[in-house]
Every structure is written in C-alpha cells, then in structure tokens.
Amino acid sequence: MTAYRPLHEGWVLSGGDVEGVAATVPGCVHTDLLAAGLIDDPYRDDNEKKLAWIGRTDWEYATTFRHEQAPGRVDLVCDGLDTVATILLNGVELGRTANMHRSYRFDVREALRDGDNELRVRFGSAYSYAEAQRDRLGDRPNAYPEPFQFIRKTACNFGWDWGPTLVTAGIWQPIGLQTWSRARLAEVRPQVTVDGGTGTAEVRVRIERDTPGPVTVAAEIAGERVETTTEGGEAVVTVTVADPELWWPIGYGDQPRYDLDVTLTGAGGEPLDSWSRKVGFRSVRVDTTAGGFTLVVNDLPVFVRGVNWIPDDVFADRVTPGRLATRFRQAVDANVNYLRVWGGGRYESGDFYDLADSLGLMVGQDFLFACAAYPEEEPFATELAAEARENVVRLSPHPSLVMWTGNNENIWGHEDWGWKQDLDGRTWGAGFYFDLLPRIVAAEDPSRFYWPGSPWSGREDKHPNDPAYGTTHIWDVWNTDDYTKYRDYRPRFVAEFGYQAPPTYSTLRRALSDEPLAHDSPGMRAHQKAADGDAKLQRGLDAHLPAPRDFDDWHYLTQLNQARALSLGIEHFRALRPHCMGTIMWQLNDCWPVTSWAALDGYGRKKPLWYALRRSYAPRLLTLQPRDGAPALVAVNDSTTPWTFSATVSRRTLDGVVAARAAIGATVAPGSATTLPIPPEVGEAGDVTGEVLVASAEEQRAWWFFAEDKDIAWPPAKFDATVTTADDETRVTVTAQTILRDVTLQPDRLDPAAEADEAVVTLLPGESATFRIRGAQNLDPGALTTRPVLRCVNDLV
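What counts, and at which threshold
- Residues numbered from 1 in each chain as written.
- Predicted model: local features only at pLDDT ≥ 70, side-chain atom pairs only at ≥ 80, totals over all residues.
- Heavy atoms only, no water.
- Helix = DSSP H or I, 4+ residues; strand = E, 2+ residues; numbered from the N terminus.
- Rg over C-alpha atoms; globule rule 2.2 N^0.38 Å.
- Buried < 20%, exposed > 50% of the residue type's maximum accessible area, 1.4 Å probe, protein only.
- Contact = heavy atoms within 4.5 Å.
- Salt bridge = Lys/Arg side-chain N within 4 Å of Asp/Glu carboxyl O.
- Expected span 1.5 Å × (residues − 1).
- Bend = angle between axes of the 7 residues up to and from the residue.
- Pairing = 2+ DSSP bridges.
- Axes fitted to C-alpha atoms, helices over the stretch in contact; angles between N-to-C directions.
- 1 Å grid on protein atoms, 1.4 Å probe; cavity = no way out; pocket = protein on both sides within 12 Å on 5 of 7 lines; lining within 4 Å.
- Points joined across faces, edges and corners; volume = space filled by probe spheres on them.
- Nonpolar A, V, L, I, M, F, W, Y, C, P; charged D, E, K, R; others polar.
- Core = buried A, V, L, I, M, F, W, Y, C linked by side-chain atoms within 4.5 Å.
- Parallel < 35°, antiparallel > 145°, perpendicular 65-115°, else oblique.
- Left-handed = near helix turned anticlockwise from the far one by under 90°.
- Phe/Tyr/Trp six-rings, centres within 6.5 Å; stacked < 30°, edge-to-face > 60°.
- Lys NZ or Arg CZ within 6 Å of the ring centre and 35° of its normal.

Caption draft 1: Looking closely at the overall build of the chain. Broken down by element type, the chain carries 17 helices and 44 strands. Its C-alpha atoms give the chain a radius of gyration of 28 Å, near enough to 28 Å, the size a compact globule of 797 residues would have. Within the span of the chain, comprising 797 residues, buried residues form 60% of the whole. For the chain, long-range pairs separated by at least 24 residues make up 69% of all intrachain contacts whose partners lie at least 6 apart in sequence.

Right, dumping it as structure tokens:
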C-alpha cells in the first residue's frame, strides 16, 4: 500500500544577506522574512517598492530528515514549486523545474540513505529567468512593463492595475515522500454524467508500475461497484447509477454528492493504492446558437450572476480553508451563483472547488494567460501542455466546474491593442487557445465546455469583443465613459465590467500611516495602481454627486458611486434577459489593501458595493429601466417558480408627498423578465429636480431619480437616531424627518471588527431603517449616529 510522509518541518531559508532563517513550508520567502522580523509588512505604505530586491535574489530552502530504507519505490513529490527550482537530495541533483502551476515527482531511491538526509531546493530569481527567455525569444507586448509572460508563474505577482509587485519564491504547495511497491494510481480521471435518468461514472486510470503483473482496478459509487483486471498501464471502469440525485447550482436545487472510491489491488487481493473524491451528477452545456452564450445546467437555462475571482492574497499560504469559506459565504450572501477564476492568477485549490461543490457555486476556470502575447516556443509549449493536462485532470471530479476558458483578453489585445505590428510575425498564444488547449480539454475532460478566450465572440468573422456575440468585456465605462453608458449596450454575456472605489476606512488605517489621509496622500497614491485612477474617480463624482468637502466626503462618495455604477449595469443587463444571459462583475475580492474594483477589500471587509450587489443580484428583482424615453418597471425572475406580485409605483416630491400613483402587477414566469409600462401621469416628472419615482412590492423597492444628485435641491438631512444593544448586536435605528439619500453606516471607523448588515438605504420622510452591527460591542452611540460614521448624500447640503 502507498504511504505518504510530508516533509514540512525543519526548513531554513538563505539568500542574499539572509542566512539560516526559520522557514514555513508550504510558504514563500516574503512571509518567512516577515515572520523573522527582517522586512516590514509588504502591504503597508510603499513597502512593496522597498522589497523589490526579493524577486531579484536567488534563494535556498534546506532541511534534514531521517529515513529508514525499506523495499519498494520512494518518490519525492513536489506539489508546487515557485518557480525556477533546482532540487538536490544529499548533493544529488534530482531535477530542475520552471513552472509553479504543476507538480513534479522524482524517484529518489538512489539518492536516499539510511539515517539523516539533506534536502535542498534552490530558487533562481524569477526575473532572471523571465528576462533571459524574453531576450532569447524576442520581446512581446503586454499590458504592464514586466516580463510575466516569459515564465509559468502567477502573472499578477509582477503587479497589476490593482495589485502590488511582489515577486515570490518558495515551496508553495506540500512536499513529501511517497513510498509504494508494485503499482500505484498515477492518475484518476472520472467523467461523471447523467442522461435520461441514468448516471454514469466513467473512470479512466493510469497505472505506474515498479514490477509487472496483473492488478485490479475497482470503482464504487452509490452502492454500485465495477472492477477490471489489467497487466497494462491504463484501465477504464464504468459504473452506472439509476436515478441519481442531481447536483444543482445554488437557487435551483440541492447539491447532493456521492463518494467515488477507486482502489488498486494485486493479484492476491492485497491493497496497493486508493483514491476517493466526492462527485456530483449533472449535465452542463453552453448554448451558443444565434450568437448567444447561455449556460444550461440539467437542461435548465441559468442566468449567471457572477463575480470575477483573483488570488485572495499575494501570498498563497495565507489563503486558508477558513478564509476561503468566509469569502465564499460572502459571495453566496450577495446572491452570487458563479465565480470566474481569472487567468492572471492561479489554478484554484481543491479546497476552493470543494467549497464551490458544496455550496452550489458554479465556477469557470481560465487557463493562466492574461493581457499579454505569450511565446509558443519551447520550453513553454511542453510546460503548458503538462500544466494544462494536470489541472484539467485534477479538477475534473468537481461538479461546480462548468467551463474552461483559454485566456484573459489576449485575443482582444491582439486585435485592438497594437500587438500585430509589434509582434512582426512572432507567436502570441493563438496556437494554445485555438488548438492545444481545446485538444487537451476534449481528450481529458470532454464533459466540460471550452471557450478560447474572455472576451471572445465565438466567430472569426466578428470582432473578438463584439457585445452582440459570445462574451464581452466592457471597459470604456471606467476608462473613458460614464457608467450610464452601460445602458447603450445590449450584450449577450458580460464577462467583465467594473468601477473603482477605495477600501473601507479601517483597512486604509491599517495599511497606511498617512496623516492626514487624503485621496492623493503618499500611501493612497501607492495603493492606487490604475492608470489615471484618481482622475477617473473624480470624473465619476463630477458627473453625479455633490462636490466633497474633505477626505471623509470623498471616501463615502467614491464608494457610493462604485455601488451605483455596478447596480445600474447589472440591473440593465438582467432586464435584457433572455437576450443577455450573464454578468460577471469585476471583481469580488482583493489580494491586498488597495483602491480597486472589488466589493470586498483586501482585508475582507464589505464595501457599499457588496450591499448593492446583494440587492441587484436578488433572484427576484424589481428595477426601473428607461424604455422609449420613460421609466418602465421590469420584474426579473431567476427562480424556479412563477412570481406573482403587485407593485405600487408612486411619483413623489422630495418631501414625500404623492403626486401620482398606480398599481402594477404581473405574474413572471420562471427564468424570465417582464417589462411593464408605467402610466405617463405617474412616470413623467413635473419637476425633474424635485421629484422621485418609487416602486414597491413585497420587500423590494426600486428608485428612479429624474436628475443627478448634484443637480437636485436636497433638503439638509434631518433624522432621529437611537442606539440599542441586544446580546452581541448593536442596533441603530434611523428615522427620517427629510428624505435621506443612500444612508450608509460605517461602524468600522469605530472598531475595525464592526460590520453593519445593510448600507445604501434611501428613506422617505417618516420612514425608518434599523442597521444591525455585529463584531464589536460598546460602540459610542454619539459617534455611531453622526458624521463621518453615519452618512447620506444630503448631509453634504
């Protein structure tokens, strides 16, 4: 039987002027140096610049371990080495690697000895390797002045428009010794499908042998067991299950999973190896007829309410299962049903996919190419093939994985960003996206859909980012245009769109020593990575909101503008269903504290965008949308049952007086959107700067303001506020005396652990809202109910 021994103890790190520092494995150089007190927090102020030397230094990890020789094969298994590594055991070079996205295995029988053994892993500078490959193959264009496409390593380690330049090195995944004899399960590839009420688990096995002879492979699932005997290196076992329970995306049903157990035994029945995973029965396809892009699960079209996912920390060893569980719960609580794992990061972990499986979150995984022309020559062609094959096989058991995508923005970049002239005929990745990768997916996991890129129109005769076909990215909004331009689009599927805002106040205070804080203070500038980011934030404020008087105003208003931008875009796109069948907003999370497009900041705190996302991604949505020059009521029903509602639509003055009112109702079929006209006497404003349209049904409310906030004659904010406590909860009840536009409570200003349950709430005169605060106690009632903790737009009046 196989046995595994982790080698995670006793490591020391050396490199440059550093000698013999205690190291954590799995881990990386930065976190080891930080733990030893040799560097300052890379996330604070502009420390990342001071630590650039780490990525240009060679490093060595070393440990000793005892071993007693025994019969059989012994392999050193390296699940992940970051990145340019030479592995030595007792002075014997086992191999050299240059790809952090795959594992490596070495037969160490000849190098092992009884007693003490010395294992060393030497890491060359990622910069030195990448720059040498660039010089050898010829430079190629990319989005940033770094050589990230010339090394198989997390691209955003080299910096991004939301990320720091912190080029890591280290043993980032488990490392250990596996002992086995006769044969082992080198690879298990289950294809779990369902058709006509019959579930099928086709298990393809690759067997590595140390000695010849017959072995038996058996697969068991749901009480059904099938076995086969072979003397070769491969076997296929197919098990059928009658009427299996189906795995469904969240909101459409349950997520039952079945234990799939695979065993390898010798001729006498003696156990040799085993493999177990939880799998789910479901069918998935993507309907691309007539230029569309509709995800279909168990024959049911599903509207994708998605978010883009980037690495949750620059340093992968910090992303624990508990941290992932928190982040996934935050996604689910925001009514998200889909995570796109972006191509500049990592192939996500088993823990990530297990959580997605259990919660019913669908996942689209990019192959790891982003925003650059990538060389197709060696060693990259061979490395990429091995990397892709390994990860396709590794992730194949997970029902949450619904598609693979070839790259992020590279086909678009080749078409639009001036690459063709710069490349002058050199390779740029097309051979990967249109040939190698689809062949690997088809061979190793044919049940998964493959799409060459994000964005991609699906047709060579159409622009790759044509919104009328396939998937599209919308970045003129933010880069050049106001967010109201989202309404000019009629896309089939939006795979990226977003708008920036700073992180929460307590995150800024933890990350920055600036005193006072200002939008352009040194730390804020260091944590704004987007080109002309502050100017774009200011352009958005100028278009919509009153002028900020100080940093507190600027912070609240930029966060509010981000929330409004994404709500407007999402609700517009959802109202186009079924023409548009998905939105994947950029982005859910951050990898460090930064001004960015994220809904959750670098320390996991919710920005106002998160609350707006929860509202705009509700399975049943009421929204007011412009139709033929006037507002109309649109009801979107993503649920599996009909939705019958009766809404009251009223036009009111800012004092709350009803100028006109109408009752509008409908029954909305499952998986559809219904547009209902509003009577002109209700929907047409008598005073565009002094009236508002409100639609209410059940617990939903939709607003339509006829003018921008900066042009509205807001009354100064007046309200009553009371603070009560009960158990571990503090409750702040705000009762409006005047209209209060987008009331938001920021209790983290008083205690970084404090979090409110709601934000961006508009109240008419006489209405009340109660905000529940958890995570902290003994908060100052006076501070909780005044600026800058309690905010609304018209407190600027």
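So much for the structure itself; the text now carries on.
Caption draft 2: Layout of the pattern of salt bridges. Taken as a whole, this structure holds 67 salt bridges when the rule is applied. D82 serves as the salt-bridge partner of K153, at 2.6 Å between the closest nitrogen and oxygen. With K153 in the loop between α3 (126-137) and β11 (170-171) and D82 in strand β6 (residues 81-82), this pair connects stretches of sequence that are 71 residues apart. As a salt-bridge pair, D553 and R549 come within 2.7 Å of each other at their nearest N and O atoms. Accessibility expressed as a relative area gives 47% for R549, which makes it partly exposed. Counted as one network, the salt bridges with shared partners bring together R73, D75, R105, D107, R109, R184, E208 and D210.

Caption draft 3: View of helix α9 (residues 430-444). Given a rise of 1.5 Å per residue, 15 residues ought to cover 21 Å, and the 21 Å separating the end C-alpha atoms of α9 matches this to within 8%. At L436, α9 shows its strongest bend, of approximately 35°, with the proline P438 following within four residues. By the burial criterion, the buried members of α9 are F432, Y433, L436, L437, I440, V441 and E444. Buried residues along α9 sit in contact with β13 (183-195), α6 (380-395), β26 (401-405), α7 (410-416) and β27 (449-451).

Caption draft 4: View of the sheet that holds strand β1 (residues 3-6). In spatial order, the strands read β1-β12-β5-β9; together these four strands make up an open sheet with antiparallel pairing. Each edge of the open sheet is held by one strand with a lone partner, namely β1 and β9 (104-107). Here the strands of the sheet are splayed against their neighbours by 25° on average, with no regard to which way each runs.

Caption draft 5: Looking closely at the layout of surface pockets. When its volume is computed, the largest pocket comes out at roughly 1900 Å³. Around the largest pocket sit 50 residues that line it, and D79, S103, R277, E390 and R394 are the ones nearest its centre. Contributions of two or more residues to the lining of the largest pocket are made by β9, β13, β19 (271-279), α4 (321-333), α5 (350-359) and α6. Looking at which element gives the most residues to the lining of the largest pocket, the answer is α6, with seven residues. Grouping the constituent residues of the lining of the largest pocket by class yields 20 nonpolar, 12 polar and 18 charged. For the second largest pocket, the lining is made up of 42 residues, of which E571, R615, R701, A702 and W703 are closest to its centre.

Caption draft 6: Representation of the pairing of strand β7 (residues 84-89) in the model. A large share of β7 lies buried, amounting to six of its six residues. Examined bridge by bridge, β7 and strand β8 (residues 92-98) share six bridges and lie antiparallel to one another. Bridged to V84 within β8 is A98. Here β7 hands over to β8 after two residues, with N90 in that stretch at a positive phi of 55°. The pairing of β7 with strand β10 (residues 115-124) spans six bridges and is antiparallel.

Caption draft 7: Structural context of the nonpolar core. Judged by nonpolar contacts, the single largest core of 148 residues is most densely connected at L295, F328 and F367. If one sorts the elements of this core by residue count, helix α14 (residues 551-575) sits on top with 10 residues. Discounting residues that sit within four places of it in the chain, F328 has contacts with W309, L339, F352, L355, A356, L359 and L361. Y61, L119, I171 and L177 belong to the second largest nonpolar core, which has 35 residues in total.

Caption draft 8: Focus on the packing of α14 against helix α15 (residues 608-616). Between α14 and α15, the shortest axis-to-axis distance is 8 Å and the interhelical angle comes to 20°. Taken together, α14 and α15 sit at an angle that is classed as roughly parallel. The way α14 lies across α15 gives a crossing that is right-handed. For the pair formed by α14 and α15, the contact residues are Q559, Q562, A563, L566, S567, I570, E571 and R574 on the first element and P608, L609, A612, L613 and S616 on the second.

Caption draft 9: The arrangement of α4 in detail. Its 13 residues give α4 an end-to-end C-alpha distance of 18 Å, which sits within 8% of 18 Å, the value for a rise of 1.5 Å per residue. When we look at burial in α4, the residues that qualify are R323, L324, R327, F328, Q330, A331 and V332. Close packing links the buried residues of α4 with β23 (304-309), β24 (338-341), α5 and α15. With its phi angle positive at about 65°, N335 sits one or two positions after the end of α4.

Caption draft 10: Focus on the packing of aromatic side chains. A full pass over the atoms with the stated rule returns 44 aromatic pairs. Aromatic pair W160 and W342: ring centres 5.1 Å apart, planes at 80°, arrangement edge-to-face. Taken together, the residues span a long stretch of sequence, with W160 in the loop between α3 and β11 and W342 in the loop between β24 and α5 at a distance of 182 residues. Across the pair, exposure class does not vary: W160 and W342 are buried alike. Note on W478 and Y499: the rings are 5.2 Å apart at their centroids and 80° apart in plane angle, and the pair reads as edge-to-face. Placement of W478 in helix α10 (residues 476-479) and of Y499 in the loop between β29 (494-497) and α11 (505-511) is noted, with a sequence separation of 21 residues between them. Judged by relative accessible area, Y499 falls into the buried class, the value being 2%. Counting every residue linked through ring pairs, the aromatic cluster contains Y144, F148, W160, W162, W342 and W586. One Lys or Arg, R184, reaches over the ring of W180 and ends 5.8 Å from the middle of that ring.

Caption draft 11: A look at the packing of α4 against α5. Where α4 meets α5, the axes come as close as 10 Å, and the angle between the chain directions of the two elements is 35°. Crossing of α4 against α5: the hand is right-handed. Between α4, through P321, L324, A325, F328, R329 and V332, and α5, the contact on the second element is made entirely by D351, F352, L355, A356 and L359. Looking at side-chain class alone, the contact of α4 with α5 contains nine nonpolar, no polar and two charged residues.

Caption draft 12: Representation of the environment of D435. Secondary-structure assignment places D435 in helix α9. Along the chain, D435 and C156 lie 279 residues apart, while their C-alpha atoms are 25 Å from each other.

Caption draft 13: The arrangement of the sheet that holds strand β38 (residues 719-726) in detail. In spatial order, the strands read β38-β39-β43-β41; together these four strands make up an open sheet with antiparallel pairing. Edge strands, defined here as strands with exactly one partner in the open sheet, are β38 and β41 (755-756). As defined by bridge partners, β38 adjoins strand β39 (residues 729-736) across eight bridges and the pair is classed as antiparallel. Within β39, the residue paired with F719 across the bridge is A736.

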